[in-house]
Amino acid sequence: MLIDAHAHLDRYGADLPRVLAEISERQIFTVATAMDVPSYLRLLRIAEQCDLVLPIFGVHPKQAPEYAGGLSTLLPYIDESPALGEIGLDFHWVRDPSTYPEQRRVLEYFLAAAREQNKLVNLHTKGAERLILDLLERYDIRRAIVHWYSGPRDLLKRLAEFGAYFTVGVEVLFSDSIKTIAREIPDHLLLTETDNPGGLKWLKGVPGTPGVLADVVRALAELQAKTVAETECLVRDNFSRLIETDPWLADRRVLLSR
C-alpha cells in the first residue's frame, strides 16, 4: 500500500470518480486535507465513496483571515476530525504581513486543540519554519507531519530532532534542492505525498493524479539506493508507526495492515 500523506481531493471536478478509482486500484491510503470549512464538508462526502480516503479538517494560512475573528465556529469541525490539517503559517507566498498575526491566531487555536485532543497535525510551514518549530515545542505537539518542506536545512535538522515527519512530493522529480532535502530526511521520518491536484499543476501545468505517487516513490528509492518495494515499505511502516497509538485512527490502522 502506498501513502499519500497530503492531497486536496476536493479540488477535482469531473475527474473525481476516475481519481477515486485509481486510488482504490493502486491501493493508495490518502490523507485528504482541507483548507477551510467548505472544502472539509466536500471531503467528508468524497470519503464516503472510498475507504482509503481519510478526510481531515484544517484552515490553510491563506484562508486564516476569514476565520480569525470567529474561532469558536471551528470547534465542531475540529472536534469531529480525526486529525488536523492543512494548518500552519505562510510568510512567503502570502505577501501581506498584516495577515500574519491572524494566521498565527488560527494556528495556535488548532494546536491547542491538537494537544488537548491528542491529534496528529498536518502542517504548512513556508517561510515560517522557525516559528512553527517554536510553536510545536510550546504546545508539545509530538505527532506532526511537515508538508512539502523546502526551508532552511538547519531547521530541517531541528524539526527532525523534535520528531516531526516530512513528506516528499512531486517536486523531487524536478528539483535538485528538494532531492538534497529528501536525502537529509532521516529514513524513519520520511513520508510521501502528491498535493494533488495542484502540486504537479503548479510545477508542470497539468493536474496531478494519484499515479504520480509511484513516480515519487521511484525517485526516492533511487536517492536512497533502495528498491521501490523497500521504499514503499519504509513509508508505510513510518505512517503506521506515526498513528500506532492514535485513539482517533484505530480503524485506519486495521486498514493499513491488510
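Each remark here, short or long, concerns the structure printed above.
Remember, it's a predicted structure, so these values are computed and weren't measured experimentally. (Residues numbered from 1 in each chain as written. Predicted model: local features only at pLDDT ≥ 70, side-chain atom pairs only at ≥ 80, totals over all residues. Heavy atoms only, no water.)

Okay, the overall build of the chain next. Within the chain, the regular secondary structure consists of twelve helices and eight strands. Against the compact-globule benchmark of 18 Å for 258 residues, the chain has a radius of gyration of 17 Å, which places it among compact chains. If one aligns the C-alpha atoms of the chain with their principal axes, the spans along those axes are about 50 × 40 × 40 Å. In the chain, which comprises 258 residues, the share counted as buried stands at 58%. Nonlocal contacts in the chain, meaning residues at least 24 apart in sequence, comprise 70% of its contacts between residues at least 6 apart. For the chain, the accessible surface area stands at approximately 10,800 Å², while carbon and sulfur atoms represent 50% of it. Taking the average place of the 30 positive charges on the side chains of the chain and the average place of its 37 negative ones, the gap between the two points comes to 2 Å. (Helix = DSSP H or I, 4+ residues; strand = E, 2+ residues; numbered from the N terminus. Rg over C-alpha atoms; globule rule 2.2 N^0.38 Å. Buried < 20%, exposed > 50% of the residue type's maximum accessible area, 1.4 Å probe, protein only. Contact = heavy atoms within 4.5 Å. Areas by Shrake-Rupley, 256 points an atom, 1.4 Å probe, with all protein chains shown as cover. Lys, Arg positive; Asp, Glu negative; His and termini not counted. Charge placed at Lys NZ, Arg CZ, Asp CG, Glu CD.)

Here we come to the pattern of salt bridges. If charged atoms from side chains of opposite charge come close, those side chains can pair. Tallied over the entire structure, the rule returns eleven salt bridges. Close ionic contact of aspartate 251 with arginine 252 constitutes a salt bridge, the shortest N to O distance being 3.7 Å. (Salt bridge = Lys/Arg side-chain N within 4 Å of Asp/Glu carboxyl O.)

Where helix 10 (residues 212–224) contacts helix 11 (residues 228–242), the axes come no closer than 8 Å and their chain directions differ by 105 degrees. The orientation of helix 10 relative to helix 11 falls into the category roughly perpendicular. The residues of helix 11 that touch helix 10, namely those facing Val217, Arg218, Leu220, Ala221 and Gln224, are Val228, Thr231, Glu232 and Leu234. Grouping the constituent residues of the contact of helix 10 with helix 11 by class yields five nonpolar, two polar and two charged. (Axes fitted to C-alpha atoms, helices over the stretch in contact; angles between N-to-C directions. Parallel < 35°, antiparallel > 145°, perpendicular 65-115°, else oblique. Nonpolar A, V, L, I, M, F, W, Y, C, P; charged D, E, K, R; others polar.)

The final tally for this structure, using the stated rule, is nine aromatic pairs. Centre to centre, the rings of tyrosine 40 and tyrosine 77 are 6.3 Å apart; their planes meet at 80 degrees, and the pair counts as edge-to-face. Separated by 37 residues along the polypeptide, tyrosine 40 in helix 2 (residues 37–47) and tyrosine 77 in helix 4 (residues 75–80) bring together distant segments of the chain. For tyrosine 40, a relative accessible area of 1% translates into the label buried. With a relative accessible area of 23%, tyrosine 77 lands in the partly exposed category. Arranged with centres 5.7 Å apart and planes meeting at 75 degrees, the rings of tryptophan 148 and tryptophan 202 form a pair that is edge-to-face. Note that tryptophan 148 is positioned in the loop between strand 6 (144–146) and helix 7 (153–162) and tryptophan 202 in helix 9 (residues 198–204), a separation of 54 residues in sequence. The buried category is assigned to tryptophan 148, whose relative accessible area is 15%. Each residue in the set Tyr40, Phe57, Tyr77 and Phe110 is aromatic and connected to the rest through ring pairs, giving one cluster. (Phe/Tyr/Trp six-rings, centres within 6.5 Å; stacked < 30°, edge-to-face > 60°.)

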